[in-house]
Amino acid sequence: MATRTSVRAVMALLAPTLALGATVGLAAAPASAAVWSSCDQWGSTTLNGYTLYNDIWGSGAGSQCIWANSGTNWGVWANHPNTGGIKAYPNSKKVINKSITSLTSLTSSYNVTVPSSGAYNTSYDIWDTDYDYEIMLWVNKTGAVGPLGTSQGNLTLGGHTWTVYKGNNGANDVFSFVRTSNSSSGTVNILPILKWIKDTKGWFGNETIGDVQFGFEITSSSGGLDFAANSLTVSGG
């Protein structure tokens, strides 16, 4: 269930810095020193074509620090209370800016290490350039989390089997593809999923795909938990 919109992005620029409590800093990073880290609510940087965001956006959030060796090898330490509601979506973003019909391919490979406790999902968050439509691809989930909307049944597409949900958060339509079993590594062929939404279901037209984000949508991680994107590639053209 996601409520990140272009409006929230603007608000992020205006919002005051979140009181993060005890500073964790580089202690949350791996033993080898990261090239970048931040405990700021909206901390971000760009590394080798990917933009990283700490993105602590939900109410009632705790502390969280992100580190990165590159745009495709990064992680986060998060200590969010055991309460409902999404607290943060630390992520790495690749900008595509091509219409669905002009794309000849759009794929991504991922390898993550995630905790066995807490409540979160590991997901792609794909947006059109107008932020009218949000396509989420959940590759794993743990704890009391679930997608927005109603189930549309199961579908095998893009190299995975998903349960598809269709909903609206009041600002944009949300199409969530939740993998029927958890995965910590794999490759997703994203373009057939976009074409299925466009051509088979007619839920949107020839949208221009703006951002392909990948990260951890965290609801709770009480006591402090580590999440890592060991490797991530997004390619399309």
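Not measured: the values here are computed from a predicted model.

*Asks:* Kindly report on the overall build of the protein chain, identifying the contributing residues and their values.
*Replies:* Across its full length, the protein chain holds 2 helices and 15 strands. Of all 237 residues assigned to the protein chain, the portion counted as buried reaches 52%. Counted over contacts in the protein chain with a minimum sequence separation of 6, partners at least 24 positions apart contribute 69%.

*Asks:* I'd love a proper account of the pattern of salt bridges, names of residues and values included.
*Replies:* For side chains of opposite charge, pairing can occur when their charged atoms come near one another. On inspection of all chains with the given rule, the structure shows 2 salt bridges. When the shortest N-O distance is used, the salt bridge between Lys93 and Asp211 registers 3.9 Å. With Lys93 in strand 6 (residues 91–99) and Asp211 in strand 14 (residues 208–220), this pair connects stretches of sequence that are 118 residues apart. Two residues, Asp199 and Lys198, come together in a salt bridge whose shortest N-O distance is 2.7 Å. What makes Lys198 buried here is its relative accessible area of 19%.

*Asks:* Before we move on, could you go through the pairing of strand 5 (residues 73–79) and cite the residues and values that matter?
*Replies:* Judged by how many residues are buried, strand 5 sits mostly within the fold: 5 of 7 residues are covered. Of the pairings in the sheet, the one linking strand 4 (residues 63–70) to strand 5 comprises 7 bridges and is antiparallel in character. What sits directly across from Gln64, in strand 5, is Ala78. Taking the residues between adjacent antiparallel strands as the criterion, strand 4 and strand 5 are bridged by 2 residues.

*Asks:* Go over helix 2 (residues 190–201), please, and point to the residues and values.
*Replies:* Given 3.6 residues per helical turn, the α-helix brings residues three or four places apart onto the same face. Compared with an ideal rise of 1.5 Å per residue, which puts 12 residues at 16 Å, helix 2 spans 16 Å between its outermost C-alpha atoms and is within 8% of the ideal. Considered for burial, the residues of helix 2 that qualify are Ile190, Leu191, Ile193, Leu194, Trp196, Ile197 and Lys198. The positive-phi residue at the C-terminal boundary of helix 2 is Gly202, with phi of around 70 degrees.

*Asks:* If you had to explain the pairing of strand 8 (residues 119–128) to someone new, which residues and values would you point to?
*Replies:* Buried residues dominate strand 8, accounting for 10 of its 10 residues. Side chains of strand 8 alternate between two faces, with Ala119, Asn121, Ser123, Asp125 and Trp127 and Tyr120, Thr122, Tyr124, Ile126 and Asp128 buried alike. With 10 bridges joining them, strand 8 and strand 14 adopt antiparallel strand pairing. Paired with Ile126 across the strands is Val212, a residue of strand 14. Bridge count for strand 8 against strand 9 (residues 133–142) is 8 bridges, and the pairing is antiparallel. Within the sheet, the bridge partner assigned to Ile126 lies in strand 9 and is Ile135.

*Asks:* So, unusual backbone geometry: which residues are in play, and what are the values?
*Replies:* In this model, Asn48 sits at a positive phi of 40 degrees, which is unusual for a non-glycine residue. With respect to the element layout, Asn48 can be found in the loop between strand 2 (44–47) and strand 3 (50–53). For Asn48, a relative accessible area of 51% translates into the label exposed. The phi dihedral of Asn97 falls on the positive side, at around 55 degrees, and the residue is not glycine.

*Asks:* Requested: an account of the sheet that holds strand 13 (residues 185–189), with residues and values cited.
*Replies:* Strand order in the open sheet made by the 6 strands is 1-4-5-15-7-13, with antiparallel pairing throughout. Pairing within the sheet leaves two strands with one partner each, and these edge strands are strand 1 (36–38) and strand 13. Within this sheet the neighbouring strands show an average axis-to-axis angle of 20 degrees, counted without direction.

*Asks:* Outline the packing of aromatic side chains, listing residues and values.
*Replies:* Applying the stated criterion across every chain, the model contains 15 aromatic pairs. Judged by centre distance (6.3 Å) and plane angle (15 degrees), the ring pair of Tyr133 and Phe175 falls under stacked. In this pair, Tyr133 sits in strand 9 while Phe175 sits in strand 12 (residues 173–179), placing the two residues 42 residues apart along the sequence. Ring-pair connections join several aromatic residues into one group, and the members of that group are Trp74, Tyr110, Tyr120, Tyr124, Phe214, Phe216 and Phe227. Directly above the ring of Trp203 sits Lys166, whose terminal nitrogen or CZ lies 5.7 Å from the centroid.

Thresholds applied
Residues numbered from 1 in each chain as written. Predicted model: local features only at pLDDT ≥ 70, side-chain atom pairs only at ≥ 80, totals over all residues. Heavy atoms only, no water. Helix = DSSP H or I, 4+ residues; strand = E, 2+ residues; numbered from the N terminus. Buried < 20%, exposed > 50% of the residue type's maximum accessible area, 1.4 Å probe, protein only. Contact = heavy atoms within 4.5 Å. Salt bridge = Lys/Arg side-chain N within 4 Å of Asp/Glu carboxyl O. Pairing = 2+ DSSP bridges. Expected span 1.5 Å × (residues − 1). Axes fitted to C-alpha atoms, helices over the stretch in contact; angles between N-to-C directions. Phe/Tyr/Trp six-rings, centres within 6.5 Å; stacked < 30°, edge-to-face > 60°. Lys NZ or Arg CZ within 6 Å of the ring centre and 35° of its normal.

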